[in-house]
Amino acid sequence: MYQQPLIICHRKNTIKQFKKIVEDLKIVVLISGKGSNLKAIAKECSKKNVPARIISIISNNPNASGLQIKGKFKKKVINDKLYDKKCFEFRLQNYLAKLKPDLICLAGFMKILSSLIIKKWKNKIINVHPSLLPSFKGLKTHERVISEGVKKSGCTIHFVNETLDGGPIIAQGSTMVKKNMTVKELQKKILKIEHIIYPEVIKLFAKKKITIKSSKIKEKTPITKKRKKKK
Ligand code: GRF
């Protein structure tokens, strides 16, 4: 939990004020592939822009290039090819239970979690999805956006519940889909937004600015960070 206790020590007539002890939000990041969101989160945490600490990354894919990241956190592979879904989740749950994270961040994690994990970590699992939910749930979002001629797309950070890509929305970032844009170009553009808003959302969690009541986000704090204009 994120706390800011101020310790004051009275000794003879002197008051020594110790440095503020800030306990960072403990987060675990789950990946399956490149891990560019993981990198963005790790960067903002290490620069102390986000008062959170990655305690472990977990990958279901032993070949995920995101596992190459360097940092003071544990790296755990639970190879989903070696276990059936129940056994995979049992292992995942055991590991998470040992770590006791404050927040679990899915970042390009390509497995659908069952209610076993979701219930155990209720309102503590968030995900990034590359579309403006509730539109374009599921896979191949950019392909579908382009083929349907949609003019605006983006990304969403949302709570994970039992409905695929259907949990309460925490934050969104949008961009125009230009004429003749390729899937790669759109993906690149949206990924850049993901890298800004995911760390910002974690920051809001750390500052206890996000609460959820009866499946509704009680306090939505808009993320108004301006992106740098192209010169
Ligand atoms: C991102 O576009 C994310 O929205 C989606 O998968 C992609 C993974 O990117 N869930 P990365 O692994 O963080 O680079």
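Everything below is about the structure printed above this text.
Residues numbered from 1 in each chain as written. Predicted model: local features only at pLDDT ≥ 70, side-chain atom pairs only at ≥ 80, totals over all residues. Heavy atoms only, no water.

Caption draft 1: Seen up close, the sheet that holds strand β4 (residues 52-59). Ordered by their spatial adjacency, seven strands build an open sheet running β5-β4-β3-β6-β7-β8-β9, and the pairing between neighbours is mixed. Every other strand in the sheet has two partners, leaving β5 (74-77) and β9 (169-176) as the edge strands with one partner each. Adjacent strand axes in the sheet meet at a mean angle of 20° when their direction is disregarded. Relative to β5, β4 runs parallel, the two sharing four bridges. By the bridge assignment, S59 is partnered in β5 with V77. The strands touched by helix α1 (residues 36-46) are β3 (25-31), β4 and β7 (125-129); relative to β4, the strand with the most contacts, the crossing angle is about 160°. With respect to the sheet, helix α5 (residues 183-206) is in contact with β3, β4, β6 (103-106), β7, β8 (152-159) and β9, its orientation differing from that of β9 by roughly 155°. (Pairing = 2+ DSSP bridges. Helix = DSSP H or I, 4+ residues; strand = E, 2+ residues; numbered from the N terminus. Axes fitted to C-alpha atoms, helices over the stretch in contact; angles between N-to-C directions. Contact = heavy atoms within 4.5 Å.)

Caption draft 2: Structural context of the side chain of H129. Relative to the helices and strands, H129 resides in strand β7. Owing to a relative accessible area of 4%, H129 belongs among the buried residues under this scheme. At a separation of 2.8 Å, a polar atom in the side chain of H129 contacts the main-chain carbonyl oxygen of F136. Among the polar contacts listed, one links the side chain of H129 to the side chain of D165, at a separation of 3.5 Å. The contact partners of H129, leaving out residues within four places of it in the chain, are F136, K137, G138, T141, G154, C155, T156, H158 and D165. (Buried < 20%, exposed > 50% of the residue type's maximum accessible area, 1.4 Å probe, protein only. Polar contact = N/O pair within 3.5 Å; in protein donor to acceptor, adjacent residues only side chain to side chain.)

Caption draft 3: Expanded view of the site of the ligand. Near the ligand you find K34, G35, S36, N37, G108, V128, H129, P130, L191 and E194, and these make up its full shell. V128 has a polar backbone atom sitting 3.2 Å from a nitrogen atom of the ligand. Between the ligand and E194 there is a distance of 3.0 Å, counted from an oxygen atom to a side-chain nitrogen or oxygen. Expressed as a share of its isolated accessible area of 370 Å², the protein-covered part of the ligand is 84%. In the shell around the ligand, the residues fall into three nonpolar, five polar and two charged. (Near = heavy atom within 4 Å. Areas by Shrake-Rupley, 256 points an atom, 1.4 Å probe, with all protein chains shown as cover. Nonpolar A, V, L, I, M, F, W, Y, C, P; charged D, E, K, R; others polar.)

Caption draft 4: Highlighting the nonpolar core. Residues I27, I126 and I202 are the most contacted members of the largest nonpolar core, which totals 42 residues. When residues of this core are traced back to their parent elements, those giving at least two are β3, α1, β4, β6, β7, β8, β9 and α5. With ten residues, α5 is the largest single contributor of residues to this core. If we skip the residues at most four places from it in the chain, I202 touches L25, I27, I41, V50, A52, L103 and C105. (Core = buried A, V, L, I, M, F, W, Y, C linked by side-chain atoms within 4.5 Å.)

Caption draft 5: Local environment of the pairing of β8. The buried count for β8 comes to seven of eight residues, which makes it a mostly enclosed element. Here β7 runs beside β8; their pairing, made up of four bridges, is antiparallel. Of the residues in β8, the one forming a bridge with N127 is H158. As defined by bridge partners, β8 adjoins β9 across seven bridges and the pair is classed as antiparallel. Across the sheet, residue K152 finds its bridge partner in β9, namely M176.

Caption draft 6: Structural context of unusual backbone geometry. Here the amide bond leading from L133 into P134 is cis, since omega sits at 10°, within 30 degrees of zero. Within the secondary structure, P134 sits in the loop between β7 and α4 (141-147). Despite not being glycine, K100 has its phi angle at roughly 50°, a positive value. For K100, a relative accessible area of 54% corresponds to the exposed category. A positive phi is found at F136, a non-glycine position, where the angle reads about 55°. Looking at the secondary structure, you find F136 in the loop between β7 and α4. Relative accessible area serves as the criterion here: at 15%, F136 is assigned to the buried category.

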